[in-house]
Amino acid sequence: MIASAPAGEIRLDNVTVAYDRHPAVHHVSGRFTTGSLTAIVGPNGAGKSTLLKAIVGQLPVADGSIERGPLKPRDIAFLPQQASLDRAYPISVLEVVLLGHWQRVGAFGHIGRDGIRAAREALSAVGLEGFEQRPLATLSIGQAQRALFARVLVQDARVILLDEPFNALDARTVADLLALLQRWHGEKRTVIAVLHDFDLVRQHFPEALYLARRLIAWGRIDEVLTPENQLAARRMAESWDDTAPFCDTGHNHDSHSGHHDHTGHHGHAA
Ligand code: ADP
Ligand code: MG
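Time to look at the overall build of the protein chain. Per the secondary structure count, the protein chain includes nine helices and nine strands. The proportion of buried residues among the 270 residues of the protein chain is 49%. Considering only contacts in the protein chain between residues 6 or more positions apart, those separated by 24 or more positions represent 70%. Within the structure as shown, the protein chain displays about 12800 Å² of accessible surface, and the carbon and sulfur contribution to it stands at 51%.

Written out as structure tokens, the structure reads:
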């Protein structure tokens, strides 16, 4: 990869991410193009959350590289799996949303009147008008997730990563938050979401990345969500061994011969 990634594009080149030298994601290559809307799917333990954290920069890559072009950390918004905010923390809904300004303003910066107006507008966009002063702890799971989406809205990031954003939510909330995803897509932001519901993915996502520690497929939704790929993912999941040694590209010294073959890639994997 000689030319650097254009703004909003994220390129993965042979990315391996490991915990304590045990790889959780192996040799993933491909790119999220500017303005793409991609679902990351795969079995439990497939490394989906790990990959998102590596893309955000919360986890280092053990091998390969992630190219973010001109993107700064503040240009990437990240909503972790199961709203890692402690919901019992004594903080108001408005304050939760104002945290979205933090990366731009800094810990000692001043949010100001415009920042507060943006937060109120975001709350109204997620259907939480009038909830500004409510303690976070008093919200339902669905309302709390709406508040976190409002925080992502005020962050106004070029790239948005969401880890299982619709888990345990009622249908109405899912529909409302999906509409926000579509809005971000319409605004040419790069949106990446880990999801489990294949029907929902088929209906709303043009592209998918199918992960089972290694890449099963990455590309157009109809090419990725195939019965063959589902079977391949299930086979991979059955062979996972969390104590497997660190694997170097090209030196296949473990017994899982499937780990290193890259056949079955589709779409724009590099
Ligand atoms: P997914 O999100 O697809 O369910 P994860 O990325 O959470 O998968 O996990 C992938 C693998 O990495 C699993 O085997 C999991 O146990 C392991 N793992 C995740 N987080 C850690 C951690 N902090 N330390 C050690 N191993 C971890
Ligand atoms: Mg996960």
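Attention now moves to the coordination of the magnesium ion (ligand 2). Coordination of the magnesium ion (ligand 2) by the protein involves Ser49 (OG) and Gln81 (OE1), with metal-donor separations of 2.1 to 2.4 Å. Of this pair, Ser49 sits in helix H1 (residues 48–56) while Gln81 is found in the loop between strand S5 (76–79) and helix H2 (93–98), placing the two residues 32 residues apart along the sequence.

Spatially, S5-S6-S7-S3-S8-S9 is the arrangement adopted by the six strands of the open sheet, whose pairing is mixed. The open sheet terminates on both sides in strands that have one partner only, identified here as S5 and strand S9 (214–220). For this sheet, the mean angle separating the axes of adjacent strands, direction not counted, is 15°. Here four bridges tie strand S3 (residues 37–41) to strand S7 (residues 190–194), and the two strands are oriented parallel to one another. Across the sheet, Ala39 pairs through a bridge with Ala193, a residue of S7. Across the sheet, helix H5 (residues 141–155) touches S5 and strand S6 (159–163), and the angle it forms with S5 is around 175°. Against the sheet, helix H9 (residues 227–238) contacts strand S8 (207–212) and S9, and its axis sits at roughly 160° relative to S9.

So, on to the site of ligand 1. Of all residues adjacent to ligand 1, which total 12 residues, the nearest are Gly45, Lys48, Ser49, Thr50 and Arg213. A distance of 2.8 Å is found between an oxygen atom of ligand 1 and a backbone nitrogen or oxygen belonging to Gly45. Between ligand 1 and Ala46, the relevant distance is 3.1 Å, taken from an oxygen atom to a main-chain nitrogen or oxygen of the residue. Contact with the protein chains removes 60% of the 560 Å² of surface that ligand 1 exposes when unbound. For the shell around ligand 1, the element with the most residues is H1, which contributes three residues. Here the residues of the shell around ligand 1 sort into four nonpolar, five polar and three charged.

Strand order in the open sheet formed by three strands is S2-S1-S4, with antiparallel pairing between adjacent strands. Each edge of the open sheet is held by one strand with a lone partner, namely strand S2 (22–32) and strand S4 (63–67). Between one strand and the next, the sheet's axes are offset by a mean angle of 25°, whatever the strand orientation. In this structure, strand S1 (residues 10–19) lies alongside S2, joined through seven bridges in antiparallel fashion. In the sheet register, Arg11 faces S2, and the bridge partner there is Arg31. The strands touched by H1 within the sheet are S1, S2 and S4, with S1 carrying the most contacts at an inclination of about 120°.

Relative orientation of the contacting elements helix H4 (residues 112–125) and H5 amounts to 135°, with a least axis distance of 8 Å. Taken together, the axes of H4 and H5 are oblique relative to one another. Regarding H4 and H5, the two cross each other, and that crossing is right-handed. Taken together, the residues of H5 that come into contact with H4 (itself represented by Ala118, Ala119, Ala122, Leu123 and Ala125) are Ala150, Leu153 and Val154.

Calculation notes
Residues numbered from 1 in each chain as written. Chains lettered and ligands numbered in written order. Predicted model: local features only at pLDDT ≥ 70, side-chain atom pairs only at ≥ 80, totals over all residues. Heavy atoms only, no water. Helix = DSSP H or I, 4+ residues; strand = E, 2+ residues; numbered from the N terminus. Buried < 20%, exposed > 50% of the residue type's maximum accessible area, 1.4 Å probe, protein only. Contact = heavy atoms within 4.5 Å. Areas by Shrake-Rupley, 256 points an atom, 1.4 Å probe, with all protein chains shown as cover. Donors = N, O, S within 2.8 Å, 3.2 Å for Na, K, Ca; no water. Pairing = 2+ DSSP bridges. Axes fitted to C-alpha atoms, helices over the stretch in contact; angles between N-to-C directions. Near = heavy atom within 4 Å. Polar contact = N/O pair within 3.5 Å; in protein donor to acceptor, adjacent residues only side chain to side chain. Nonpolar A, V, L, I, M, F, W, Y, C, P; charged D, E, K, R; others polar. Parallel < 35°, antiparallel > 145°, perpendicular 65-115°, else oblique. Left-handed = near helix turned anticlockwise from the far one by under 90°.

Interpretation in functional terms is not warranted from these geometric data alone.
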